[in-house]
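Chain by chain, the residues:
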Amino acid sequence: MTVLITGAAGGLGRAFANACAERGFDLFLTDLSGDGLALIAHGIQSRYPVRVLTHQCDLTRAGDVEALFRAAEAEGAKPDMLLNVAGIDFEGGFYERQAEELLQIVRLNVEATLGVTRRALDSRVSAKPFYIVFVSSLAAFYPMPLKATYAASKTFLRDFATALGQELRPYGVRVLTLCPGGLMTTDAALSGIAAQGFWGGVTTNALEKITRRTLTRVLKGASLYIPGSVNTLFRFVGALVPRSLIAKLLYARWQSAQKKWLTV
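Computed from a prediction, not measured in an experiment: that's the story for all the values here.

Rules used throughout
- Residues numbered from 1 in each chain as written.
- Predicted model: local features only at pLDDT ≥ 70, side-chain atom pairs only at ≥ 80, totals over all residues.
- Heavy atoms only, no water.
- Pairing = 2+ DSSP bridges.
- Helix = DSSP H or I, 4+ residues; strand = E, 2+ residues; numbered from the N terminus.
- Contact = heavy atoms within 4.5 Å.
- Axes fitted to C-alpha atoms, helices over the stretch in contact; angles between N-to-C directions.
- Buried < 20%, exposed > 50% of the residue type's maximum accessible area, 1.4 Å probe, protein only.
- Expected span 1.5 Å × (residues − 1).
- Arc of directions from axis to C-beta.
- pLDDT = per-residue confidence, 0-100.
- Phe/Tyr/Trp six-rings, centres within 6.5 Å; stacked < 30°, edge-to-face > 60°.
- Lys, Arg positive; Asp, Glu negative; His and termini not counted.
- Salt bridge = Lys/Arg side-chain N within 4 Å of Asp/Glu carboxyl O.
- Polar contact = N/O pair within 3.5 Å; in protein donor to acceptor, adjacent residues only side chain to side chain.
- Right-handed = clockwise from strand over helix to strand, strands pointing away.

## Things to note about the sheet that holds strand β4 (residues 81-84)
So, step 1. Spatial ordering of the open sheet is given by β3-β2-β1-β4-β5-β6-β9, a layout of seven strands whose pairing is parallel. Each edge of the sheet is formed by a strand with only one pairing partner; in this case those strands are β3 (52-56) and β9 (224-225).
So, step 2. Summarising the sheet, β4 and strand β5 (residues 130-135) pair through four bridges and their orientation is parallel. Opposite Asn 84, over in β5, you have Phe 134 as the bridge partner.
So, step 3. Its contacts with the sheet put helix α1 (residues 11-22) on β1 (2-5), β2 (26-31), β4, β5 and β6 (173-178), and the angle it makes with β1 is roughly 175 degrees.
So, step 4. Docked against the sheet, helix α8 (residues 207-219) engages β4, β5, β6 and β9, running at close to 150 degrees with respect to β6.

## Overview of unusual backbone geometry
So, step 1. Phi at Leu 146 is positive, roughly 75 degrees, even though this residue is not glycine.
So, step 2. Tracing the backbone shows Leu 146 in the loop between β5 and α5 (148-168).
So, step 3. For Leu 146, a relative accessible area of 17% translates into the label buried.

## Section: helix α3 (residues 62-74)
So, step 1. When the terminal C-alpha atoms of α3 are compared, their 18 Å separation across 13 residues agrees well with the 18 Å that a helix rising 1.5 Å per residue should span.
So, step 2. All buried positions along α3 are accounted for by Val 65, Leu 68, Phe 69 and Ala 72. An end-on view of α3 places all buried positions within 85 degrees of arc, on one side of the element. Opposite its buried face, α3 presents the exposed residues Gly 63, Arg 70 and Ala 74, each directed more than 90 degrees away.
So, step 3. Summarising the contacts, the buried residues of α3 are in contact with β1, β2, β3 and α4 (99-123).
So, step 4. Following α3 by one or two positions, Gly 76 has its phi on the positive side, about 65 degrees.

## Re the confidence of the model for the protein
So, step 1. Residues with a pLDDT of 70 or more make up 88% of the protein, whose mean pLDDT is 88.
So, step 2. Here residues 189-195 is modelled with pLDDT under 50, and outside its nearest four sequence neighbours on either side it reaches 13 contacts, counting other chains as well.

## Comments concerning the packing of aromatic side chains
So, step 1. Applying the stated criterion to the full structure yields two aromatic pairs.
So, step 2. Each ring, one from Phe 134 and one from Phe 160, has its centre 5.7 Å from the other, and the planes form 90 degrees; the classification is edge-to-face. One end of the pair, Phe 134, is in strand β5; the other, Phe 160, is in helix α5, and 26 residues separate them in sequence.
So, step 3. Between Phe 156 and Phe 160 the ring centres are 5.9 Å apart and the planes differ by 5 degrees, which places this aromatic pair in the stacked class. In this pair, Phe 156 and Phe 160 are both assigned in helix α5, four residues apart and thus about one turn of the helix distant.
So, step 4. With relative accessibility at 35%, the residue Phe 156 sits in the partly exposed group.

## Thoughts on the side chain of Lys 154
So, step 1. Within the secondary structure layout, Lys 154 lies in helix α5.
So, step 2. Buried and unpaired, Lys 154 has no salt bridge, with Asp 89 as the nearest side chain of opposite charge at 9.2 Å.
So, step 3. In this structure the side chain of Lys 154 is engaged in a polar contact, spanning 2.9 Å, whose partner is the backbone oxygen of Val 135.
So, step 4. Setting aside residues no more than four positions away along its own chain, Lys 154 makes contact with Asn 109, Val 135, Ser 136, Ser 137 and Ala 140.

## Some thoughts on the environment of Arg 169
So, step 1. The residue Arg 169 is located in the loop between α5 and β6 in this model.
So, step 2. By relative accessible area, Arg 169 is classed as partly exposed at 38%.
So, step 3. Considered as a pair, Arg 169 and Gly 221 are 52 residues apart in the sequence and their alpha carbons are 9.7 Å apart.
So, step 4. Each residue touching Arg 169, except ones within four places of it in the same chain, is listed here: Arg 174 and Gly 221.

## Here's the deal with the pairing of β5
So, step 1. Here β5 lies mainly inside the structure; six of its six residues are buried.
So, step 2. Burial along β5 is two-sided: Phe 130, Ile 132 and Phe 134 facing one way and Tyr 131, Val 133 and Val 135 facing the other are all buried.
So, step 3. With six bridges connecting them, β5 and β6 associate as parallel partners. Across the sheet, Ile 132 pairs through a bridge with Val 175, a residue of β6.
So, step 4. Read from β5 through α5 to β6, the crossover connection turns out right-handed.

Take a look at the structure:
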């Protein structure tokens, strides 16, 4: 099996790459950072007997995406699984961010993810099963003041993946949406988790655990994975509370947390 991972040089992408290599899956890794790709490829090849190909790519550019898949085809690396990991966020309120930053969130999280997914379906071997994972977020279940654009982009991915999974099931394609809480991927993410105090800790997910379990679930045909019992409980409780009240509560939480870590 060959797995295409977008955003492969980031923390979650690296964890997915290692989890796939542990299973003996070959890898085709892409990211905006060529240096990051080279480092992770070297690390994986030194530990696992798998094939690792890399291709630097700006997923928001259609020409780059086409070049990515042409490179995969030239190497005989048509993907059997697509892990849509690449995403971006800019902390701070909507009016505090530049318009271009907000549009970047939509371009990468939504437009680029759809473009890569559509192209991957074109390149698949139709006689074989195909698996797609969309990395959404626990934020996809709530209106999120101070993270409004990011949360909305993840809500789109969650709903889109659910519909797409039903649509493509007759074609042997299985689609799973991963909705994690906090992820310890970068120093900024760690600072944000710490600033949230108790709730930041209990909603944070271990990268290695969720990547391994995500792969297990998508291969078994599951359609949704919310890591952690606390996060699962929050999802169900949130469905019972008026969304206006949720927005009010979340605004208070994020306003306090962002004051702590954005001013450091």
